[in-house]
Amino acid sequence: MNSSAKPVHWKLVIDAADPHAQAGFWAAALGYLVEDHSVLVEKLLSLGHVTDADVLEAHGRRAWRDLAAVRHPDEPYEEESGMGLGRRILFQRVPEAKTTKNRIHLDLHPGPGQREAEVERLEGLGATVVRHVKEPGGEWVVMADPELNEFCVA
């Protein structure tokens, strides 16, 4: 690694028809928290920088209409914006529906002997089983979230 290169902060961004529903699903699936951006939203509304058309009520608070995010509960976050500073996933509203296989996906690892129970739990949250895979290198279940984005449970 180049000695002058610093690690880069990043987030995973997923296109969504309903960012808030996706954030709710993935927060429950991962044990993450839905980010609370309401302090920043209210501040920008009061200053006239955004309008009521830019926001909605989600998860019991004012939120961005077209964006929602989840973050790991142990990671730091900015209190003023509610934005996570570590492991997080941002869902952004897009007009088009998903049409092909993901080029990137999450692998969930619930722990030894927990795959079947985790698959059942995720189905209860709205995920569906796409297929079971058993190969010489391992075994996992391919699932789809409520908007049909594939992920695996190993």
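Counting restarts for each chain, with residues numbered from 1 along the sequence as it is written. Under the rules for a predicted model, residues below a pLDDT of 70 receive no local features and side-chain atom pairs below 80 are neither given nor counted, while totals for whole chains, interfaces and linings still include all residues. Excluded from the side-chain calculations are hydrogens and water; all other atoms, namely the structure's heavy atoms, are used.

Bringing the nonpolar core into the picture now. Counting residues in each nonpolar core, the largest one holds 21 residues, and the members touching the most others are Trp-26, Val-70, Phe-91, Leu-122, Met-143 and Phe-151. Secondary structure elements are taken from DSSP: a helix is a run of H or I of four residues or more, a strand is a run of E of two residues or more, and numbering for both begins at the N terminus. Put simply, the parts of the chain that give this core at least two residues each are β1 (12–16), α1 (19–30), β5 (67–71), β6 (88–93), α3 (115–125), β9 (138–144) and β10 (150–153). The dominant element in this core, judged by the number of residues it contributes, is α1, at five residues. Residue contacts for Phe-151: discarding those within four places in its chain leaves Phe-25, Trp-26, His-105, Leu-106, Leu-108, Leu-122, Ala-127, Val-141, Val-142, Met-143, Ala-144 and Asp-145. Definition used in this section: a nonpolar core is a set of buried Ala, Val, Leu, Ile, Met, Phe, Trp, Tyr and Cys residues joined via side-chain atoms within 4.5 Å. Summary of the burial criterion: residues with accessible area below 20% of their type's maximum are buried, those above 50% are exposed, and those between are partly exposed, where the area comes from a 1.4 Å probe applied to protein chains only. Contacts were defined at the residue level, with two residues in contact if any of their heavy atoms lie within 4.5 Å.

Moving on: the packing of aromatic side chains. Between 30 and 60 degrees the pair is tilted, below 30 it is stacked and above 60 it is edge-to-face, where a pair is any two Phe, Tyr or Trp rings, Trp via its six-membered ring, whose centres lie within 6.5 Å. By the definition in use, this model includes three aromatic pairs. With a centroid separation of 5.1 Å and an interplanar angle of 90 degrees, the aromatic rings of Phe-25 and Trp-26 are classed as edge-to-face. Per residue, the accessibility class of Phe-25 equals that of Trp-26, and both read buried. Here the aromatic rings of Trp-26 and Phe-151 are separated by 4.9 Å at their centres, their planes lie at 70 degrees, and the arrangement is edge-to-face. Remark: Phe-151 occurs in strand β10 and Trp-26 occurs in helix α1; sequence separation between them is 125 residues.

Moving on to the environment of Asp-15. By the secondary structure assignment, Asp-15 is in strand β1. Residues Asp-15 and Phe-91, spaced 76 residues apart in sequence, show a C-alpha to C-alpha distance of 5.8 Å. The contacts of Asp-15, once residues within four sequence positions are left out, are Gln-92, Val-94, Glu-96, Glu-147 and Asn-149. Here a polar contact is recorded for every N or O atom pair within 3.5 Å, except that within protein the pair must consist of a potential hydrogen donor and a potential acceptor, and residues adjacent in sequence are included only if both atoms are side-chain atoms. At 2.8 Å, the side chain of Asp-15 forms a polar contact with the side chain of Gln-92.

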